[in-house]
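Spelled out, the chains give:
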Amino acid sequence: MYLLNKLSVMKEKLNTITGIGMLILFVCVSGNMQAQTNNSALQVWNPSTITAVQSDWLIQKPTIKAAVYQSLDGKDIVLYNGLLKREFRLQPNLVCTDFTNLVNGQQLLRATAPEAKLIINGHQYAVGGLKGQTERAYFKKEWLQQMVAGDSDFHYSSYTISTLQPFIKWKRKGWAADPLPSGGKQIAFVYHTSLKELQGITVTVHYELYDGIPLIVKWVSVENKGDKPVVINRIVNEVLALPEEESAVVGSPEQMKKQHGIYVETNYAFNNAMRYDISDQTTHWKTDSSYTSQVNYNYQTPCLLEVYPEKVTGNTLQPGEVMNSVRTQELLMDSYDRERRGLAIRKMYRAIAPWTTENPIFMHLVSKNDGEVKAAIDQCAATGYEALILSFGSHCNMEDSSAANIARWKLLADYAHQRNIRIGGYSLFSSRKISDADDVIDPATGKPDAAAFFGNAPCLGSNWGLDYIAKLKYFISNTGFDLFENDGPYPGDVCASTLHPGHHGLDDSQWKQMNLQKELYHWCNERGVYVNAPDWYFLDGTNKIAIGYREVNFSLPREQQLTLNRQNIFDGLWEKTPSMSWGFVPLTKYQGGGPEAILEPLSQHLKDYQQLMFQYYGAGVQACYRGPRLYDTEETKQTVSHMISWYKQYRDILNADIIHLRRPDGRDWDGFMHVNPALKTKGFLLLFNPLKTPVTRTIQLPLYYTGLTETATVSEKGGVSKKYALNRNYEITFTFTIEAESYNWYIIE
């Protein structure tokens, strides 16, 4: 279903020297703000040395490490990791002159731009950058000789280089596929200004370059070292004048395609879509009227990328305070193929958010009393489950800080931990009404809840909101709970109240609430508290999000649910790894439906129960098995235990990324395949037959991303093996049979 071709590798003039072993610090500030550098400790970038990238980074991790170099004349700094190169000229002001994808040779800069842009006290300032490039369709380095720095800009003064540090100090508690983040380098460029009104304001532009992935992370910090407060109206932390993806004589920015060679994601996304591209709040594709040679007659080509949160328009920065921008992940893409692009994004998450690879096997308990909790813990321990979450509708109240409630749940948490079961609870933040004083105030009408995303919503910066966070931390800390399901996390509602202690007014309300929500997730992550949250907070510490489903579908007959759930899995794992999503399996009545929809009594619907487990565990996706118990008879217990044992046996490969083969449509077979070239088991194929008759099919099975090149050994259900030769497209001709309304699986080595 997608084209598999070997990557054409271009030769670049690159240095083969790799890596800097120690922390190197450069401080280069002069009184007249003229940039000075002392690059003697840096390795020299040698453009005459040719290095060819020989392997596909999605299959074999490159051996070249991220490093920072200087040019021979000391004028330029080069960031390089064998997959990308980003180059900066330091004088007369720092400017990016080269941003190359070394996998396919694409140059991503058509023109220079400021390193960042700020609006402070209502006035706009450029950070770095040079003026004077007249032709903006492309750039030549010799033009730098005629380019100048702006008088009112922030000017580069120094830099520091260090080894890459984790953004969050994740405390791992359970099984994880890739427990360690990638290595790399960090460089921070420091800027000052001679403007009297901004004395004491220091701007630092940070870059993080990772090993083994064509990824740069960029963010900006603004520090007030002066003696009076300033208002930061906006931080544009990335400005890239990119080549146009397509040209058109007429056409609007909305109609025209955006540059496909770069994928941008920040840690500022929300809206309950369960997808980043729809949740994104920071990516802005703009036109560039200074690009006068563009084909578009009205200069409407979307070829200028700016990154900033639009609704953050006024944060007061007091003396001694620092404001950090959003963190922008810039992943360079080498293909239009959907699967390959998705695999690159999934690899990015494993590198920058390794906590998303943790994937405990959990039950969603609906309980009425403590006895039911203990019984469920015992069932989890007996079947191989690893965690228990008190679901919505249970008798656990995490907002109750009374001594009796804390003592009660601590006893139950201790009971769970003694049996090696993690335990957690559910709490709803948004979509509930607290009071007119504590709910979000609509700026248009001045009324509470009038424009809330979910109809009703408290303000996280209100007295109630601040107390809510404090209560959750108190409960978790004092009970020992190590899972937290936060339903309705902050969805981006602005608030015009000037009385809430957590924000000043409308202009900073979204930023302050967002940071309060992020801080809670950071706090959980660094204490080993696993977080389920149905919104895009992955880059700030959450572990799992809903895979994407319509809840009322769980009232449909089980036969329909089987196919619909597989569609959810197929559609939900294009950009997410299996461990980043949860599915849903209501064991009891949910959102309506009759006996044909539910699994209880479990022993009477064992075939459907087993297939639902196979579908989810086979995909590496943990489902919320929501009900009062996991089994009702010894036969049911053995079925659950067998499925968990099977999953744990193949856990490594079942948590690997999937290759999409055929989407479920109810008319023929469907399936997907896990791949990981680093494992002994290179692939794990899962196939399903929704028809009421057996099917035998012959397909071309794509094995490129297994890393196999000549032959593959395939065994049905781990049985007798058969050897296959791969064709030039890294495929094998594969024939399989699946019984009626059943499934099959194969190991590929």
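Quick note: structure is the one above.
Let me begin by describing the structure that accompanies this report. (Residues numbered from 1 in each chain as written. Predicted model: local features only at pLDDT ≥ 70, side-chain atom pairs only at ≥ 80, totals over all residues. Heavy atoms only, no water.)

### Overview of the overall build of the protein chain
A count of helices and strands for the protein chain gives 10 helices and 39 strands. Compactness check: the protein chain gives a C-alpha radius of gyration of 28 Å against a globular reference of 27 Å for 749 residues, within 12% of the reference. Looking at the 749 residues of the protein chain, the share that counts as buried comes to 60%. Accessible area of the protein chain: about 28900 Å², with a carbon and sulfur share of 49%. Seen as two clouds, the 74 positive and the 78 negative side-chain charges of the protein chain have centres 4 Å apart. (Helix = DSSP H or I, 4+ residues; strand = E, 2+ residues; numbered from the N terminus. Rg over C-alpha atoms; globule rule 2.2 N^0.38 Å. Buried < 20%, exposed > 50% of the residue type's maximum accessible area, 1.4 Å probe, protein only. Areas by Shrake-Rupley, 256 points an atom, 1.4 Å probe, with all protein chains shown as cover. Lys, Arg positive; Asp, Glu negative; His and termini not counted. Charge placed at Lys NZ, Arg CZ, Asp CG, Glu CD.)

### Quick notes on helix α3 (residues 370-383)
With 14 residues, α3 ought to run about 20 Å at 1.5 Å a step, and its terminal C-alpha atoms sit 20 Å apart, in line with that. Of all the positions in α3, only Val 373, Ala 376, Ile 377, Gln 379, Cys 380 and Thr 383 are classed as buried. Down the axis of α3, the smallest arc covering the buried residues is 160°, so these residues share one side. Buried residues in α3 make contact with β24 (362-365), β25 (387-390), α4 (403-418), β26 (422-428) and α9 (634-649). Two or three places before Gly 371, at the start of α3, stands the capping residue Asn 369, its side-chain oxygen 3.1 Å from that residue's backbone nitrogen. Once α3 finishes, Gly 384 follows within two positions and takes phi at roughly 100°, a positive value. (Expected span 1.5 Å × (residues − 1). Arc of directions from axis to C-beta. Contact = heavy atoms within 4.5 Å. Polar contact = N/O pair within 3.5 Å; in protein donor to acceptor, adjacent residues only side chain to side chain.)

### Considering the packing of aromatic side chains
Considering all chains together, one arrives at 54 aromatic pairs under this definition. Here the aromatic rings of Tyr 159 and Phe 189 are separated by 6.2 Å at their centres, their planes lie at 70°, and the arrangement is edge-to-face. Of this pair, Tyr 159 sits in strand β12 (residues 155-163) while Phe 189 sits in strand β13 (residues 184-192), placing them 30 residues apart in sequence. On the basis of relative accessibility, which here comes to 0%, the residue Tyr 159 falls in the buried class. The interplanar angle of 70° and the centroid separation of 5.5 Å between the aromatic rings of Tyr 549 and Phe 554 together place this pair among those described as edge-to-face. According to the relative accessible area criterion, Tyr 549 is partly exposed, its value standing at 23%. Under the relative-accessibility criterion, Phe 554 is labelled buried at 4%. (Phe/Tyr/Trp six-rings, centres within 6.5 Å; stacked < 30°, edge-to-face > 60°.)

### Digging into the side chain of Asp 337
Take Asp 337: it is sitting in the loop between β23 (328-332) and α2 (338-352). In terms of polar contacts, Asp 337 uses its side chain to reach the backbone amide nitrogen of Arg 340, at 2.9 Å.

### Regarding the environment of Leu 685
With respect to the helices, strands and loops of the structure, Leu 685 is situated in strand β34 (residues 683-689). Residue class for Leu 685 comes out buried when judged on its relative accessible area of 0%. A C-alpha to C-alpha distance of 6.5 Å links Leu 685 and Ile 747, two positions 62 residues apart in sequence.

### Some points on the layout of surface pockets
When its volume is computed, the largest pocket comes out at roughly 890 Å³. For the largest pocket, the lining is made up of 30 residues, of which Tyr 263, Arg 275, Tyr 276, Asp 277 and Glu 575 are closest to its centre. The class makeup of the residues in the lining of the largest pocket is 12 nonpolar, nine polar and nine charged. One number sums up the size of the second largest pocket: a volume of about 690 Å³. Around the second largest pocket sit 28 residues that line it, and Asp 178, Lys 347, Arg 350, Asn 676 and Ala 678 are the ones nearest its centre. With four residues, the top contributor of residues to the lining of the second largest pocket is α2. (1 Å grid on protein atoms, 1.4 Å probe; cavity = no way out; pocket = protein on both sides within 12 Å on 5 of 7 lines; lining within 4 Å. Points joined across faces, edges and corners; volume = space filled by probe spheres on them. Nonpolar A, V, L, I, M, F, W, Y, C, P; charged D, E, K, R; others polar.)

### Here's the deal with a nonpolar patch on the surface
Together, Val 249, Val 250, Val 295 and Tyr 297 line one region of the surface with nonpolar side chains, adding up to about 450 Å² of accessible area. In this fold, Tyr 297 is placed in the loop between β19 (283-286) and β20 (304-307). (Patch = residues over 30% accessible without salt bridge, like charges linked within 9 Å, V, L, I, M, F, W, Y side chains within 5 Å. Salt bridge = Lys/Arg side-chain N within 4 Å of Asp/Glu carboxyl O.)

### A short note on the nonpolar core
Of all hydrophobic cores here, the largest spans 130 residues; its most connected members are Phe 154, Phe 189, Tyr 385, Tyr 609, Tyr 625 and Trp 646. Broken down by element, this core gets its largest block of residues, eight residues, from helix α8 (residues 606-619). In this view, Trp 646 contacts Phe 614, Tyr 617, Gly 618, Leu 654, Phe 684, Leu 686 and Trp 745; residues no more than four positions away in its chain are not counted. In this structure, Trp 57, Val 217, Leu 331 and Leu 703 belong to the second largest nonpolar core, which totals 68 residues. (Core = buried A, V, L, I, M, F, W, Y, C linked by side-chain atoms within 4.5 Å.)

### Focus on the pairing of strand β8 (residues 95-101)
Counting buried residues along β8, seven of its seven residues qualify, which places the element largely inside the surrounding structure. Across six bridges, strand β7 (residues 84-89) lies against β8 in antiparallel orientation. The residue of β8 that forms the bridge with Phe 88 is Cys 96. Counted along the chain from β7 to the antiparallel partner β8, the turn is five residues long. As defined by bridge partners, β8 adjoins strand β9 (residues 106-107) across two bridges and the pair is classed as antiparallel. In the sheet register, Asn 101 faces β9, and the bridge partner there is Gln 106. Hairpin remark: β8 followed by β9, antiparallel, with four residues in the connecting loop; positive phi at Gly 105, about 80°. (Pairing = 2+ DSSP bridges.)

### Considering the packing of helix α5 (residues 463-479) against helix α6 (residues 506-525)
Between α5 and α6, whose axes approach to 11 Å, the crossing angle comes to 5°. The orientation of α5 with respect to α6, classified from their angle, is roughly parallel. Contacts between α5 and α6 involve Leu 466, Ile 469, Leu 472, Lys 473, Ile 476 and Ser 477 on the former and, on the latter, Leu 516, Glu 519, Leu 520, Trp 523 and Cys 524. Looking at the contact of α5 with α6 residue by residue, the class counts come to eight nonpolar, one polar and two charged. (Axes fitted to C-alpha atoms, helices over the stretch in contact; angles between N-to-C directions. Parallel < 35°, antiparallel > 145°, perpendicular 65-115°, else oblique.)

### Observations regarding the side chain of Thr 112
Here Thr 112 is to be found in the loop between β9 and β10 (116-120). The residues contacting Thr 112, other than those within four sequence positions of it, are Val 95, Cys 96, Leu 130, Gln 133, Arg 136, Phe 139, Met 147 and Ala 241.

### Regarding the sheet that holds strand β32 (residues 657-662)
Reading across from one edge, β32-β33-β34-β39-β36-β37 is the order of the six strands in this open sheet, with antiparallel pairing throughout. Each having just a single partner strand, β32 and β37 (721-725) make up the two edges of the open sheet. Along the sheet, successive strands turn relative to each other by an average axial angle of 25°, direction set aside. The pairing of strand β33 (residues 670-675) with β34 spans six bridges and is classified as antiparallel. Pairing of Met 673 across the sheet is with Leu 685, part of β34.

### Thoughts on the environment of Ile 216
Here Ile 216 is to be found in strand β15 (residues 215-224). A residue is classified by how much of its surface remains accessible, and Ile 216, at 0% relative accessible area, is buried. A C-alpha to C-alpha distance of 20 Å links Ile 216 and Ser 71, two positions 145 residues apart in sequence. Aside from chain neighbours lying at most four places away, what touches Ile 216 is Leu 79, Leu 84, Arg 86, Phe 99, Tyr 207, Glu 208, Leu 209, Thr 328, Gln 329 and Glu 330.

### A short note on empty space enclosed by the protein
The tally for this structure, following the rule as stated, stands at seven cavities of 30 Å³ or more. Taken as a whole, the largest cavity spans an internal volume of roughly 70 Å³. Along the walls of the largest cavity sit Ile 232, Asn 233, Arg 234, Ile 235, Tyr 308, Pro 309, Val 312, Asn 315, Met 323, Ser 325, Val 326 and Trp 511, which together make up its complete lining. Its residues assigned to classes, the lining of the largest cavity comprises eight nonpolar, three polar and one charged. In this structure, the second largest cavity encloses a volume near 50 Å³. Contributing to the lining of the second largest cavity are Arg 86, Cys 96, Leu 109, Ala 111, Thr 112, Ala 113, Pro 114, Glu 115, Lys 218, Glu 238, Val 239 and Leu 240. Among the elements that line the lining of the second largest cavity, the one with the most residues is strand β17 (residues 238-241), at three residues.

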